[in-house]
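Chain and residue survey
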Amino acid sequence: MADIQGSGRDTELDVVIATRDRPAHKLAACLDALWHQSFEQFGVIVVDDGSRDPVVHRVEASHPTRPIRVIRNEKSVGPAASRNHGVALSDAPYVLFIDDDCISQSGLVARHHAALGRAAGPVVSLGPILSPPQRRLPPWTHWDADRLGREYARLGHGESTPTWNHCYTGNLAVRRADFRAVGGFDERLARQEDIELGFRLFRLGCRFAFDPVAVVWHDSDRTLRTWTRIPALSAHFDVLIDQLVPDSGRLSSVREGLRHRHWLLRLARRVCRPPTAHRCAVTGAIGAGCLLHALHADRPSLAAFSLVWDLEYTRALAEATSASPGRLQRRPA
C-alpha cells in the first residue's frame, strides 16, 4: 500500500475508486477533477485490481502531495471485493463511490456530504451519471447515455422516486456504518453488485435521496463487442441476485418491466425466437443503428439498439431461468 500524505488525516468522507487496466489519462482525469472540489475535507482511496501496469507509481508521480491512498490486488478479485477493500481502509464517517472513468463536477463531494450529514436516519445519496456535454458518442454508448439521462430527468422532475434499483457505484455515497452493517458488496457478484447492495441497504431502513446537481460525467470507452455482451451478463446476474436475495423480488420486477416494453419489441421477441432469426435480427439492428447514427438519425438509431438489448437480454434471461441452480454460477464481467 502506498500512502501519499494520507496518514493522520482528519477527513469527513473518503472517495473510493476501483480501477483495472484503465488508460492512464482516464484515471488521471478522474483524480484531477477531485482536486477542484469545493469541499476539502475528504480523501481518496484507489484500489488497483491487478492492473497489468500498476497505477501506484503513476499516482505518486502525478499527485505527490494529495491525500491519496493506493492499494493493489496482485490478482484481480473483481469490483465488489476491490471496493470492500477500499472501504476497509477508510476511517471517515462517509464513503463516496465513483468509477475510474468518471469526471466529477466541483460540487459533487459537498452535495453528497451535505445529503448524508443532514439526514435524520440512514440514507443513500445518489447523483446522475451523464455523458460529457457536447460529445458525439458511439451509437451504443449513446443508447446507454440516453436511457440513463431520461431516467435521471424523471427523478429530477419528481416523476419517479429513487429506489435501490438506482444504486450505481459510478456516483453513490453512503454512511460507512450502514455499509458495514449490511456486509458491504457481495463478492460473489461480478456485475450489478451495486444494485444488490442497494436492496440490502433498503432492507436496513435506508431511504434514497437523489440530487440532480451532484453530477459526474461518464467518459466511457466501451467497445461495441463489450457492449453486446452486457445484456446477457445482466440477465445472468439478475437471476443470480434473485437466488441469493429471494426477498428482493428482482425477477418479478424485471418481468413486469419487460411486459410493459413497446409492443414492437414484444412482437420482435416472438418473431425472433428461432436462433437464426435472432442472429439475423441482432446483426441487422446493429448495422442499421450504426448507419442511422452516422446519418444523425438518432431516434431510429436508438430504437435499433433498444431492439438489440431487448432480444439479447430476454434470450439470456430465458436460458438462465431454465438452468438448474447448480448450473447457474458466477460468470466474469
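Everything here concerns the structure above.
A brief look at the structure comes next.

The rules behind the values
Residues numbered from 1 in each chain as written. Predicted model: local features only at pLDDT ≥ 70, side-chain atom pairs only at ≥ 80, totals over all residues. Heavy atoms only, no water. Phe/Tyr/Trp six-rings, centres within 6.5 Å; stacked < 30°, edge-to-face > 60°. Lys NZ or Arg CZ within 6 Å of the ring centre and 35° of its normal. Helix = DSSP H or I, 4+ residues; strand = E, 2+ residues; numbered from the N terminus. Buried < 20%, exposed > 50% of the residue type's maximum accessible area, 1.4 Å probe, protein only. Polar contact = N/O pair within 3.5 Å; in protein donor to acceptor, adjacent residues only side chain to side chain. Contact = heavy atoms within 4.5 Å. Axes fitted to C-alpha atoms, helices over the stretch in contact; angles between N-to-C directions. Parallel < 35°, antiparallel > 145°, perpendicular 65-115°, else oblique. Nonpolar A, V, L, I, M, F, W, Y, C, P; charged D, E, K, R; others polar. Pairing = 2+ DSSP bridges. Expected span 1.5 Å × (residues − 1). Arc of directions from axis to C-beta. Bend = angle between axes of the 7 residues up to and from the residue. Patch = residues over 30% accessible without salt bridge, like charges linked within 9 Å, V, L, I, M, F, W, Y side chains within 5 Å. Areas by Shrake-Rupley, 256 points an atom, 1.4 Å probe, with all protein chains shown as cover. Salt bridge = Lys/Arg side-chain N within 4 Å of Asp/Glu carboxyl O.

1. So, the packing of aromatic side chains
Under the counting rule described, the total for this entry stands at eleven aromatic pairs. Among the aromatic residues, those joined into a cluster by ring pairs are Trp 143, Trp 227, Phe 305 and Trp 309. Directly above the aromatic system of Phe 185 lies the positively charged group of Arg 83, at a separation of 6.0 Å from the ring centroid. Geometry around Trp 309 places Arg 147 over its ring, the cationic atom sitting 5.9 Å from the centre.

2. Considering the side chain of Ser 82
Position of Ser 82 relative to the elements: it lies in helix H3 (residues 79–89). Using a relative accessible area of 0% as the deciding quantity, one classes Ser 82 as buried. A distance of 2.8 Å separates a polar side-chain atom of Ser 82 from the backbone oxygen of Gly 78. Residues within four places of Ser 82 in sequence aside, it is in contact with Ala 18, Val 47, Asp 49, Asn 73 and Val 77.

3. Some thoughts on the packing of helix H5 (residues 139–156) against helix H11 (residues 275–294)
Following both chains from N to C, one finds H5 and H11 inclined at 85 degrees, their axes separated by 9 Å at the closest point. Classified by the angle between their axes, H5 and H11 sit roughly perpendicular to one another. For the pair formed by H5 and H11, the contact residues are Pro 139, Trp 140 and His 142 on the first element and Gly 289, Cys 290 and His 293 on the second. Split into classes, the residues belonging to the contact of H5 with H11 amount to three nonpolar, three polar and no charged.

4. Remarks on the pairing of strand E9 (residues 171–175)
For E9, the buried fraction is high: five of the five residues fall into the buried class. Side chains of E9 alternate between two faces, with Asn 171, Ala 173 and Arg 175 and Leu 172 and Val 174 buried alike. Relative to E9, strand E5 (residues 94–98) is paired through five bridges, and the arrangement is antiparallel. Residue pairing for E9: Ile 98 is matched across the bridge by Asn 171.

5. Digging into H11
Taking 1.5 Å of rise per residue, the 20 residues of H11 would be expected to cover 28 Å, and the 29 Å separating its terminal C-alpha atoms lies within 8% of that figure. For H11, every residue scored as buried is listed here: His 278, Ala 281, Val 282, Ala 285, Ile 286, Gly 289 and His 293. Taken end-on, H11 shows its buried residues confined to a sector of 130 degrees, consistent with a single buried face. Those residues of H11 that are exposed and angled more than 90 degrees off the buried face are Cys 280, Thr 283, Leu 291 and Ala 294. Tucked inside the fold, the buried residues of H11 contact H5, helix H8 (224–244) and helix H12 (298–322).

6. Some points on H8
For H8, with 21 residues, the first-to-last C-alpha span of 30 Å sits near the 30 Å given by 1.5 Å per residue. The sharpest bend along H8 measures roughly 30 degrees and falls at Ile 230, with the proline Pro 231 sitting one to four residues further on.

7. Quick look at the pairing of strand E3 (residues 42–49)
A large share of E3 lies buried, amounting to eight of its eight residues. Taking every second residue as pointing to the same face, both faces of E3 are buried, with Phe 42, Val 44, Val 46 and Asp 48 on one and Gly 43, Ile 45, Val 47 and Asp 49 on the other. With seven bridges connecting them, strand E2 (residues 13–19) and E3 associate as parallel partners. Following the sheet pairing, Asp 14 is matched in E3 by Gly 43. Of the strand pairs in this sheet, E3 and strand E4 (residues 68–73) are connected by six bridges, and their pairing is parallel. Bridge pairing links Val 44 to Ile 68 in E4.

8. Some remarks on a nonpolar patch on the surface
A cluster of nonpolar side chains, Trp 263, Leu 264, Leu 267 and Val 271, forms an exposed patch at the surface whose accessible area comes to about 400 Å². Of the residues examined, Val 271 reaches a relative accessible area of 54% and is grouped as exposed.

9. Some thoughts on the environment of Ala 177
Locating Ala 177 in the fold gives a position in helix H6 (residues 176–181). Each C-alpha atom of the pair Ala 177 and Val 95 lies 9.7 Å from the other, and the pair is 82 residues apart in sequence.

10. Regarding the pattern of salt bridges
A side chain with one charge can pair with a side chain of the opposite charge if their charged atoms come near. In total, this model carries 24 salt bridges according to the counting rule given. In this structure, the salt-bridge partner of Asp 99 is Arg 83, at a minimum N-O distance of 3.1 Å. Of this pair, Asp 99 sits in the loop between E5 and strand E6 (102–104) while Arg 83 sits in helix H3, and the two are 16 residues apart along the sequence. For Arg 83, a relative accessible area of 6% translates into the label buried. Two residues, Glu 256 and Arg 259, come together in a salt bridge whose shortest N-O distance is 2.5 Å. On the criterion of helical spacing, the pair formed by Glu 256 and Arg 259 is a turn pair, its members being three residues apart in helix H9 (residues 250–259). Residue Arg 259 is classed as exposed on the basis of its relative accessible area of 52%.

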